[in-house]
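Here is what each chain is made of, one letter per residue.
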Amino acid sequence: MSVSIALAGKPNCGKSTFFKAATLANVEIANYPFTTIDANHGVAYVRTTCPCRELKLNCGNCRDGVRFVPIGMIDVAGLVPDAHKGRGLGNAFLDNLRQAKAIIHVIDASGGTDIEGAPVPVGSHNPLEDIKFLEHEITMWLSGILKRNWERLSRKVQAEGLKLEETIAGQLEGAGITEAHVKTALTRLKLPRDKPHMWTDEQIIELSDMLRAESKPLIFAANKIDVASQENIERLSKVGAIPISAAAEVALRLADKTGAIKYIPGDADFVESPNLSGVQKEALAKMRTLMKKYGGTGIQKCINETVFKLLDLIVVYPVEDENRFTDKKGNMLPDAFLLKRGSTPKDLAFMIHTDIGKGFLYAVDARTKMRLGEKHELKNGDIVKIVAVK
Ligand SMILES: Nc1nc2c(ncn2[C@@H]2O[C@H](COP(=O)(O)OP(=O)(O)OP(=O)(O)O)[C@@H](O)[C@H]2O)c(=O)[nH]1
Ligand SMILES: [Mg+2]
């Protein structure tokens, strides 16, 4: 999987429900803290417009012109304040955030769970209190890793002239931090580069915080809007949270699966089948009201914002026959790749296969049949044939 995003937050906020809604995997969900202990890994989808309709074709790989591109999703155990000091389940599971390129911080907007995730009467906990601690815990986790061998490493940098960026990135490699991340952070922070062994704890934490923000950007999802007060939803929206109901999305996707309704994830409405029972209709009517108010359940919106805004990725469709938009077997628009904006056809070639990347000659834009050189910048929705030496 090219990109993975993680669901994180305090216990009992609805991470596994979000995960189930996005992946339809059967995972444990319950109203008490630490239901999830081992992380769940699954495949979720980012929603985009399939190019086939505009080409007056029907590719067979989309749903009514709506294309779903797979990404990895990780549902981790709940995190409580001071987890980095071993509270709650401690910070071993923070390791599950390693592969994540971004984080959706799920917040219980209903105020029905305290800071540790224990159930309390709805509205009695202020969800704004849950906003900050997650970033802090991740920062402290990173600074913990960095500090582990800091004395020795920083002296080595000085004595042996090792590259500072490389040394720090090496130490944090497991957390998905690259030399480029370190370089950006060091430049911004203006830390005294020649004397790393003199850095204070605060400076190491400052660096860790910047590295976290660079390597694991995060958005807020205000969950349980079906029971949350309007006041709480507004408070959280003000700080940029996306209002969501993971439970509603699970219900809708399951109803779609059984054929009770037709619902395309991310739509603001659904179509009911005839012959539904009164109870079903009533439940659906409630969901419809909620969806009308917020433009949907918010789950797909969270995934899309994470992938397209936070990570700034684009979707590109490689094909082998640029006239039919197919692979060798005749499958139309068989694959969709997520690439960083600014990627070139050669980057795409390397993503398909190292050999194709190495043998890259040129690419063809399947829409215009124009040749694209290796420096050409790809756009979202491009359909591209790669020509490489065999
Ligand atoms: N009303 C409402 N309840 C929800 C929603 N999403 C989740 N819940 C409930 O919140 C409780 C916790 O859900 P989980 O998905 O298990 O939460 P979690 O964050 O994975 O919890 P841990 O694994 O313990 O950290 C369950 O009782 C869910 O049914 C929602 O959108 N609305
Ligand atoms: Mg869980």
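Description of the structure in this document. The structure presented is a predicted model; accordingly, all values stated were derived computationally and were not measured.

### A short note on the site of ligand 1
Inference 1: Surrounding ligand 1, one finds 23 residues, the nearest of these being K15, T17, F34, T35 and D226.
Inference 2: For ligand 1, the protein covers 88% of the area, taking 650 Å² as the surface of the free molecule.
Inference 3: Contributing elements (two or more residues each) for the shell around ligand 1: α1 (15-23) and α8 (246-258).
Inference 4: Tallying contributions element by element places α1 first for the shell around ligand 1, with three residues.
Inference 5: Of the residues contributing to the shell around ligand 1, the split by class is ten nonpolar, ten polar and three charged.

### Quick word on the coordination of the magnesium ion (ligand 2)
Inference 1: On the protein side, the magnesium ion (ligand 2) has S16 (OG) and T36 (OG1) as donor atoms, found 2.0 to 2.1 Å from it. Here S16, found in helix α1, pairs with T36, found in the loop between α1 and β2 (40-49); they are 20 residues apart in sequence, far enough to count as distant.
Inference 2: Judged by its relative accessible area of 9%, S16 is buried.

### Some words on the pairing of strand β11 (residues 360-365)
Inference 1: Relative to strand β13 (residues 383-388), β11 runs antiparallel, the two sharing five bridges. The partner of F360 across the bridge, within β13, is A388.
Inference 2: The pairing of β11 with strand β12 (residues 371-372) spans two bridges and is classified as antiparallel. Each residue of the ladder has a partner; that of A363, found in β12, is L372.
Inference 3: Linkage of β11 to β12, two consecutive antiparallel strands, is achieved through a turn of five residues, within which K369 is found at a positive phi near 65 degrees.

### Structural notes on the nonpolar core
Inference 1: The biggest cluster of nonpolar side chains holds 61 residues, and the ones touching the most others in it are I103, I168, L172, W199, L207, L211 and L252.
Inference 2: A total of seven residues in this core trace back to one element, the largest contributor, which is helix α2 (residues 133-148).
Inference 3: Residues from two domains meet in this core; each of domain 1 (4-126 + 217-305) and domain 2 (138-213) gives at least three.
Inference 4: Leaving out residues up to four positions away in the same chain, L252 has contacts with I261, Y263, F270, L284, M287, M291 and T297.
Inference 5: F19, C62, V106 and V319 belong to the second largest nonpolar core, which has 41 residues in total.

Basis of the calculations
Residues numbered from 1 in each chain as written. Chains lettered and ligands numbered in written order. Predicted model: local features only at pLDDT ≥ 70, side-chain atom pairs only at ≥ 80, totals over all residues. Heavy atoms only, no water. Near = heavy atom within 4 Å. Areas by Shrake-Rupley, 256 points an atom, 1.4 Å probe, with all protein chains shown as cover. Helix = DSSP H or I, 4+ residues; strand = E, 2+ residues; numbered from the N terminus. Nonpolar A, V, L, I, M, F, W, Y, C, P; charged D, E, K, R; others polar. Donors = N, O, S within 2.8 Å, 3.2 Å for Na, K, Ca; no water. Buried < 20%, exposed > 50% of the residue type's maximum accessible area, 1.4 Å probe, protein only. Pairing = 2+ DSSP bridges. Core = buried A, V, L, I, M, F, W, Y, C linked by side-chain atoms within 4.5 Å. Domains from an automatic or database assignment. Contact = heavy atoms within 4.5 Å.

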